[in-house]
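Results of the structural survey
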Amino acid sequence: MPAILVASGPRAGTRVEVTDGLEIGRSAGCGIRIHDDRASRVHARVLIDEGEVILEDLGSRNGTLLNGERATGRNTLRPGDRIRIGRTFFVYEPRTRLHPARFSGGLLLLDDEIAVVESEPVGAERPGRRWEDELRAASSRLQAMRSEMGVAGVLAEEAMRLVHARGVAVLQVDDGSGAVSPMVIVGLPGIALPATLLRETLDERRLVQKVVDRGPSRAVRDQEHQPATRARLLLAPIVDARGAQGLILAECNLEEESPRAGAALATLAALGGLALSGVAERERCRLQADFLRRGIDPESPTLLGDSAALRGVAQEVLRISSGGGALWLKGEPGTGRTLLACLAHERHPGAARPLGLFSPRPGSDPAAVLFGSEGGESIVPGLLERCRGGSCVVRGFAGLPVPLQRRLLEVIEQGTGVREAGQRPVDLPTRLILLDEQGEGAPDPPRAIVRRLKAAGVSASRVPPLRERDLDVGGLFEAFLRAEALSRGREVPSFGPAVHRALRERRWPGNLLELQAFAAAALRATPRGEPLVLPSTSTEEGESPSGGQLSERVEALEVRAIRAAMEAEGGRKARVARRLGISRPTLDRKLRRYDL
């Protein structure tokens, strides 16, 4: 069947078979659902009419682009056509056909990409094992690798064995410049490779062979009167869904090479491309899940949410940040203050410089940590100095000693500070982002400090709690659910309006952290292939109960305290345990007990 390939966004790499009436848009009912604020709910439709595939825009606000031009009416799709809806790109591909094009070694090409190699015996196979078994074993090793370097190492080992090579090199191609650099070299003192062979291999994506004169092998290099030998260079491209990622170079003595060396190398290169695709997909899923867990749109990146309360504070914070100004963010635990601070750093003129995160710890000297210290001939730079030119996030500013608050104000006002036990000011062109908790019992800085902050152009920006972002709860829940599904290798369960109503009825005192934990619990409670099952909405989920058993109320308070500490310490368990005044094993037991 013909298919639409999603080429960008969170679903990049997804292939959806075309059916008559396939709809594309933001709505949950669309066959291709995209999370793109520039797309309409039902943006476009794909039809099948007398064997032709038709693209039709459904009167969307921002239109649909086909090969860079706005699509009007009904448009017949051709193989390779590029479709753009909002910020999301798609490619129309025809039904897959295998086009045999026989090269040396029995290589077959699938639309110019390596697909299959003849399964004929290779002289280097292990005793008692068939060619298919050798390939299966090599494929299993490659698919088990979790990094590009691991894939390259296995390719080199298998090539040496299967090809009977005197030396092997696995080379990598830089996506931007096209430069080629070695990843793994085995048995070769160096690489002497004609540029024409390299370009022919990569451009035509096929196995290339050339006979050259070479010196004796390493085993006999030190012996005298050894004549030069003739060797065969074999080059096979490593191709994945992104294109040519590199190549394998094998050098074989003509007298010693395997009769099927070309087939073996081309097959390994094809398996290597599949393995690299797996590595890239796992990394994409990991990064996407990491973004979604923190409530960030993986494409923008911006905060997920459309509520006026969030847009107002985000726009103000990013406006101040783009001008290089200091920030003061206040909000309840779990509202995303640290996340907003990190996004603000990305808009700062010094975004390429370091970003530091400071959290007060019991028993430490916050002044020495922030400003550094001097003693005799030794100088220990502080966090502000190490982040020079960048940003430093200071958590719990209102709870710091007042003298330290004044010193931080001097950094904002003058761009200088003095190390502990130091005498001379040090230039500290570091932008400060101050974070404070807001709510009952939360400390406030003295009025004099607040006045000086305002005089320096720094006013508190309040990050709204989740209960004031009703419009965002559903989208955030979907993002957290999708992140959890990605990390577990599962499909996202379907759910309807009843789930959205249940989400809006909750108060979410734990804010984003509570919503994220709730989404993870919902996925665990849902059998594969079944509609979403919501976990219990009892007080154990984090609300402050006014009734019920005492043990239940204590457990709910413990859950809230642990989540707040995990947010404040960035998930570092040792610090969380110290903050809560419990041992690390006790914290681990409570995390398992409450499934946090």
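Since the structure is predicted, the reported quantities are computational estimates derived from the model, not experimental observations. (Residues numbered from 1 in each chain as written. Predicted model: local features only at pLDDT ≥ 70, side-chain atom pairs only at ≥ 80, totals over all residues. Heavy atoms only, no water.)

So, on to the overall build of the protein. Along the protein, the regular secondary structure elements total 16 helices and 27 strands. Split into buried and exposed, the 596 residues of the protein put 45% on the buried side. Long-range pairs, those at least 24 residues apart, make up 59% of the contacts in the protein with a sequence separation of at least 6. Within the structure as shown, the protein displays about 29,100 Å² of accessible surface, and the carbon and sulfur contribution to it stands at 49%. (Helix = DSSP H or I, 4+ residues; strand = E, 2+ residues; numbered from the N terminus. Buried < 20%, exposed > 50% of the residue type's maximum accessible area, 1.4 Å probe, protein only. Contact = heavy atoms within 4.5 Å. Areas by Shrake-Rupley, 256 points an atom, 1.4 Å probe, with all protein chains shown as cover.)

This next bit is on the packing of aromatic side chains. Under the defined criterion, the tally for this structure stands at four aromatic pairs. On the basis of an interplanar angle of 80° and a centroid distance of 5.9 Å, the ring pair of Phe477 and Phe495 is categorised as edge-to-face. Of the two residues, Phe477 is situated in helix H11 (residues 470-488) and Phe495 in the loop between H11 and helix H12 (497-505); the sequence distance between them amounts to 18 residues. Considering the side-chain rings of Phe477 and Phe518, the 6.2 Å spacing of their centres and the 50° angle between planes classify their relative orientation as tilted. Pair noted here: Phe477 is in helix H11 and Phe518 is in helix H13 (residues 511-525), with a separation of 41 residues, a long-range link. Comparing Phe477 with Phe518, the two get one shared label, buried. Linked through ring pairs, Phe477, Phe495, Trp508 and Phe518 together constitute an aromatic cluster. The side chain of Arg506 reaches across the aromatic face of Trp508, ending 4.4 Å from its centre. Just above the ring of Phe518 sits the side chain of Arg506; from NZ or CZ to the centre is 4.8 Å. (Phe/Tyr/Trp six-rings, centres within 6.5 Å; stacked < 30°, edge-to-face > 60°. Lys NZ or Arg CZ within 6 Å of the ring centre and 35° of its normal.)

We now examine the nonpolar core. Counting 31 residues, the largest nonpolar core has Leu155, Val163, Ile248 and Leu265 as the members making the most contacts within it. When contributions to this core are tallied by element, the ones reaching two or more residues are helix H1 (131-143), helix H2 (148-163), strand E14 (167-173), strand E17 (229-240), strand E18 (243-253) and helix H4 (261-293). Top contributing element to this core by residue count: H4, with nine residues. (Core = buried A, V, L, I, M, F, W, Y, C linked by side-chain atoms within 4.5 Å.)

Attention now moves to the environment of Ala261. Turning to its location among the elements, Ala261 is positioned in helix H4. Residue classification places Ala261 among the buried positions, given a relative accessible area of 2%. In sequence terms Ala261 and Leu162 are 99 residues apart; their C-alpha atoms lie 7.3 Å from each other. Excluding residues within four positions of it along the chain, Ala261 makes contact with Val163 and Leu234.

Relative to the elements of secondary structure, Thr526 occurs in the loop between H13 and helix H14 (550-568). Taking the relative accessible area as the measure of exposure, Thr526 reaches 2% and is therefore buried. Residues within four places of Thr526 in sequence aside, it is in contact with Arg490, Pro493, Pro531, Leu532 and Val533.

A few words on the sheet that holds strand E20 (residues 355-358). Strand order in the open sheet made by the five strands is E20-E23-E26-E19-E27, with parallel pairing throughout. Of all strands in the sheet, those with a lone pairing partner are E20 and strand E27 (460-462), marking the two edges. On average, each strand axis in the sheet is tilted by 20° relative to the strand beside it, whichever way the strands run. Strand direction decides the pairing type here: strand E23 (residues 391-395) and strand E26 (residues 431-437), joined by five bridges, are parallel. Residue Arg395 lies in a different strand from E26, and its bridge partner there is Leu435. Those strands touched by helix H5 (residues 308-322) are strand E19 (327-331), E26 and E27, and its axis lies near 160° from that of E19. (Pairing = 2+ DSSP bridges. Axes fitted to C-alpha atoms, helices over the stretch in contact; angles between N-to-C directions.)

The next thing to look at is the pattern of salt bridges. Applying the stated criterion across every chain, the model contains 18 salt bridges. Linking Asp444 and Lys330 is a salt bridge whose minimum nitrogen-to-oxygen distance equals 3.3 Å. Of this pair, Asp444 sits in the loop between E26 and helix H10 (447-455) while Lys330 is found in strand E19, placing the two residues 114 residues apart along the sequence. On the basis of relative accessibility, which here comes to 53%, the residue Asp444 falls in the exposed class. For Lys330, a relative accessible area of 13% puts it in the buried group. Each of Glu374, Glu385, Arg388 and Arg419 takes part in a single network of salt bridges with overlapping partners. (Salt bridge = Lys/Arg side-chain N within 4 Å of Asp/Glu carboxyl O.)

On to the sheet that holds strand E5 (residues 44-49), then. With mixed pairing, the five strands of this open sheet are ordered in space as E4-E3-E5-E6-E9. Edge strands, defined here as strands with exactly one partner in the open sheet, are strand E4 (32-33) and strand E9 (74-76). Pairing between E5 and strand E6 (residues 52-57): six bridges, direction antiparallel. In the strand pairing of E6, Arg45 is matched with Glu56.

Below, the discussion takes up H13. For H13, which comprises 15 residues, the first-to-last C-alpha distance of 21 Å matches the rise-based estimate of 21 Å (1.5 Å per residue) to within 8%. Counting buried residues along H13, eleven of its 15 residues qualify, which places the element largely inside the surrounding structure. Among the residues of H13, those classed as buried are Asn511, Leu512, Glu514, Leu515, Ala517, Phe518, Ala519, Ala520, Ala521, Ala522 and Leu523. (Expected span 1.5 Å × (residues − 1).)

Scored by pLDDT, the protein has a mean of 76; 77% of the residues are at 70 or more. Across the protein, helix H9 (residues 402-414) holds the top mean pLDDT of 94, while strand E12 (residues 107-110) sits lowest at 24. Taken together, the stretch residues 538-549 has pLDDT below 50 and engages in 24 contacts with residues farther than four places along the chain or on a different chain. (pLDDT = per-residue confidence, 0-100.)

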